[in-house]
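Observations on chain architecture
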Amino acid sequence: MGKRETAPSALKERGLKPVITLDGLMQKSRFVQLGPEFYSEVSPTPIPNPFWVSCNASALALINATPDMAFGSEGLALFSGHGGHQEIKPIAMLYSGHQFGVYVPQLGDGRAILIGESMGSEGMMEIQLKGIGRTPFSRGADGRAVLRSSIREYLCSEAMHALGIPTTRALCITGSHEPVLREQIETAAILTRIAPTHVRFGSFEVFYYRNQHHLSLNLANFIITHYYPELEAHPDKIALWLEKVGIRTAELIAQWQSVGFTHGVLNTDNMSIIGLTLDYGPFGFLDAYQHDFVCNHTDAHGRYAFSQQPRIGLWNLHALVQALSPHLSQDQAVQILEAYAPAYDVKWLKIMRKKLGFAKERDDDEIIISDLIDLMDKNKIDYTRFMRALSGFVENPLTKNEPLRNQFLDRLSFDAWGKRYAERLSWEKSNPVERSLHMNQVNPKYILRNYLAEQAIQQAKHGNFDEIDRLLTILQRPFEEQPEHETYSALPPDWAADLDLSCSS
Ligand code: AMP
Ligand code: MG
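Residues numbered from 1 in each chain as written. Chains lettered and ligands numbered in written order. Predicted model: local features only at pLDDT ≥ 70, side-chain atom pairs only at ≥ 80, totals over all residues. Heavy atoms only, no water.

1. Observations concerning the overall build of the protein
Put simply, the test is: The numbering of helices and of strands both runs from the N terminus, where a helix is a DSSP run of H or I of at least 4 residues and a strand a run of E of at least 2. Just to be clear, the radius of gyration here is over C-alpha atoms, and the globule rule we use is 2.2 Å times residues to the power 0.38. Three labels apply to residues, based on accessible area from a 1.4 Å probe with only protein chains included: buried if under 20% of the type maximum, exposed if over 50%, partly exposed otherwise in between. Two residues qualify as a contact provided that any one of their heavy atoms is within 4.5 Å of a heavy atom in the partner residue.
Along the protein, the regular secondary structure elements total 16 helices and 13 strands. Its C-alpha radius of gyration of 23 Å places the protein within 12% of the 23 Å reference for a compact globule of 505 residues. Here the C-alpha coordinates of the protein stretch approximately 75 × 55 × 40 Å along the principal axes. Looking at the 505 residues of the protein, the share that counts as buried comes to 58%. Within the protein, counting contacts between residues at least 6 apart in sequence, those at least 24 apart form 73% of the total.

2. Regarding the pattern of salt bridges
Our working rule: The salt bridge criterion pairs a side-chain nitrogen of Lys or Arg with a carboxyl oxygen of Asp or Glu, the two atoms within 4 Å.
The full count for this structure, using the stated rule, is 27 salt bridges. Between R424 and D365 there is a salt bridge, with its nearest N and O atoms 2.7 Å apart. With a gap of 59 residues between them, R424 in helix α13 (residues 411-427) and D365 in helix α10 (residues 365-379) connect regions that are remote in the sequence. We note that R424, like D365, is buried. Across the pair R388 and E481 runs a salt bridge whose closest N-O atoms are separated by 2.9 Å. With R388 in helix α11 (residues 383-389) and E481 in the segment after α16 (466-475), this pair connects stretches of sequence that are 93 residues apart. On the accessibility criterion, R388 (9% relative accessible area) is buried. Salt bridges here are not isolated pairs; linked through shared partners, they connect K130, E153, R193, R200 and D279.

3. Focus: the coordination of the magnesium ion (ligand 2)
Put simply, the test is: We call an atom a donor if it is N, O or S and sits within 2.8 Å of the metal, or 3.2 Å for Na, K and Ca. Water is not counted, so some sites may look partial.
Surrounding the magnesium ion (ligand 2) are the protein donor atoms N270 (OD1) and D279 (OD), at 2.0 to 2.2 Å. The pair formed by N270 and D279 is uniform in burial state, with each residue classed as buried.

4. Some details on the state of the cysteines
Where we set the bar: Cysteine sulfurs are considered disulfide-paired once they come within 2.5 Å of each other.
In this structure the tally under the stated criterion is 0 disulfides. With no disulfide of its own, C55 lies 5.8 Å from the sulfur of C172, the closest cysteine sulfur. Among the cysteines around C156, which has no disulfide bond, C295 carries the closest sulfur, lying 10 Å off.

5. Let's talk about helix α7 (residues 309-323)
Given 3.6 residues per helical turn, the α-helix brings residues three or four places apart onto the same face. Put simply, the rule reads: Take the residue count of a helix, subtract one, and multiply by 1.5 Å to get its expected span.
The end-to-end C-alpha distance of α7, which contains 15 residues, comes to 21 Å, matching closely the 21 Å that a straight helix rising 1.5 Å per residue would cover. For α7, the complete set of buried residues consists of Q309, P310, I312, G313, N316, L317, A319, L320, V321 and A323.

6. Here we look at the confidence of the model for the protein
Just so we agree on the cut-off: pLDDT measures how confident the predictor is about each residue, on a scale from 0 to 100.
Confidence along the protein averages 94 in pLDDT terms, with 94% of residues attaining 70 or more. When the criterion is pLDDT under 50, residues 5-21 qualifies, and its contacts beyond four places in sequence or with other chains add up to 31 contacts.

7. Brief notes about the site of ligand 1
The cut-off we apply is this: We call a residue near a given molecule or strand whenever any one of its heavy atoms falls within 4 Å of it. Polar contact is the term for a pair of N or O atoms within 3.5 Å; when the atoms are in protein, one must be able to donate a hydrogen and the other to accept it, and sequence-neighboring residues count only if both atoms are side-chain atoms.
Near ligand 1 lie 16 residues; those nearest to it are G108, G110, R139, D142 and G143. At 3.0 Å, a side-chain N or O of R139 approaches an oxygen atom of ligand 1. Contact between ligand 1 and D142: a nitrogen atom at 3.0 Å from a side-chain N or O atom of the residue.

8. Topic: helix α3 (residues 147-162)
With 16 residues, α3 should reach 22 Å at 1.5 Å per residue; the first-to-last C-alpha distance of 23 Å fits that figure. The element α3 is largely enclosed, with a buried count of 14 among its 16 residues. Directly beyond the C-terminal end of α3, a positive phi value near 85° is found at G164.

9. Details of the nonpolar core
Put simply, the rule is: Among buried residues, those of type Ala, Val, Leu, Ile, Met, Phe, Trp, Tyr and Cys that are joined through side-chain atoms within 4.5 Å constitute a nonpolar core. Domain start and stop positions are those given by an automatic or database domain assignment.
Among the nonpolar cores identified, the biggest contains 153 residues, and F31, F204, W241 and L390 are the most heavily contacted of them. Counting residues per element, this core draws most heavily on helix α6 (residues 237-259), at 11 residues. Of the domains in this structure, domain 1 (10-195) and domain 2 (202-350) are the two that each give at least three residues to this core. Residues contacting F31, with those up to four places away along its chain left out, are F38, Y39, I91, M93, L114, E126, V199, L219 and F222.

10. Considering empty space enclosed by the protein
Where empty space is left becomes clear once a probe the size of a water molecule has been rolled over the atoms. Short version of the rule: Put plainly, a pocket is an open set of points on a 1 Å grid over the protein atoms alone with protein on both sides within 12 Å along at least five of seven lines, a cavity is a set where a 1.4 Å probe fits but cannot get out, and a lining residue has an atom within 4 Å of a point. Grid points are joined across faces, edges and corners, and a volume is the space filled by probe spheres set on the points. Under the grouping applied here, Gly and all other residues not named as nonpolar or charged are polar, the nonpolar ones being Ala, Val, Leu, Ile, Met, Phe, Trp, Tyr, Cys and Pro and the charged ones Asp, Glu, Lys and Arg.
The final tally for this structure, using the stated rule, is 4 cavities of 30 Å³ or more. Empty space within the largest cavity amounts to approximately 70 Å³. Together, R148, S149, R152, E153, Y280, G281, P282, L501, S502, S504 and S505 line the largest cavity. For the lining of the largest cavity, the per-class residue count stands at 3 nonpolar, 5 polar and 3 charged. Counting residues domain by domain, the lining of the largest cavity receives three or more from each of domain 1 (10-195) and domain 2 (202-350).

Structure representation (structure tokens):
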């Protein structure tokens, strides 16, 4: 839905309490109980004369709100920084992290604040405003987020959710004409995001490097109590918890690889402690398959290239285990790290078998899958479109599978692979109708290609937000045929090749 209503900019001056209807809903976040060593209380700097950019009705249940509550004038005030509970002091969380492999002693929420928590359909959820102005962790930056990057995070987090990939969610974007300087002058926006917790690997690292191991233990206990309660009573709970974090991280990254998603800035401060996709910046989905795809042009050495992500996940887990090493034995640390790779392999293979339509398992499946991927890489095959079309593969040796084959420059190599695929399918007596049905439930037709986001951004810069809402609706049903939106599943236009993404946001 897209309700755009200019907020009464002088709500406060008129003596109105900005949040009335959301009032009973939101409570102080439990994170605050940890104490002031873990965060700073912050007064938001509202964006002037806010307006709605987009409202995501499908996230309302997460905070148990109705559209009237959240997307009326009180919501507009709250989500643009103009109001909140008097008794709930917003906070910016402290963390540090390894950025491109280098330890940065203090980061923290430089432009985001946690305004409270709400109990919704999936449990207690933190509500965070991103782009809310300077905090003690802003390190000289302006505390703002621009409209462009807010739209990208908004659309991508909802797209990832619809793909079944764990992620922070997005409730709405409010905008303003306030100028914000990046490479060019842009305008300010605030993204409201929702997650069970926004705690990161870096939230633990900060205490390790400050030699405050009692604080990392407090935080570990807090996270276990609220997010891994099944481990709470276990004598080895820290080790078991970290093993689970590693497994969740491995499984998350396996899911990214399966849809061709590159995060772009996999610093340890962007790694969620509960295995969510977190902090969308210069991310990108593969168009043509490319192992060494780098979506972030500031990543000159390709540290965060597509194919590096599984390894980087382990590197980051290593940094987390190091941070908690005062609470672990050597053997435990090794065991946690050793659980990562098998968890990744098992999850990846499980998803890829489904994507190729294999209902049964065969020992050599990994080879036929990897060979297909290598062929796609060599022939620059559009990953999403090919995988979607693969459900139409015909096993009959008399057919050449032209719609698939014709995507390849090297058609003979496709023929050779196709022969093996046909043999593999007939080995398990695959039923083509059922197979196609199942494959279309795991191979998306619609993904957030870069150029699609860019089109929505360009229109939004001219005050037209319809494309954001349209894309949101399409991406929320990625596996469904949407004949009226066929063009959104097309190959990217030529101009898309020139789009350049940096960390600037
Ligand atoms: P990111 O690359 O967006 O994950 O951010 C890395 C760190 O820089 C985090 O501590 C952010 O809060 C901070 N940061 C990024 N952009 C800004 C900004 N415009 N103002 C203040 N802090 C920022
Ligand atoms: Mg970040």
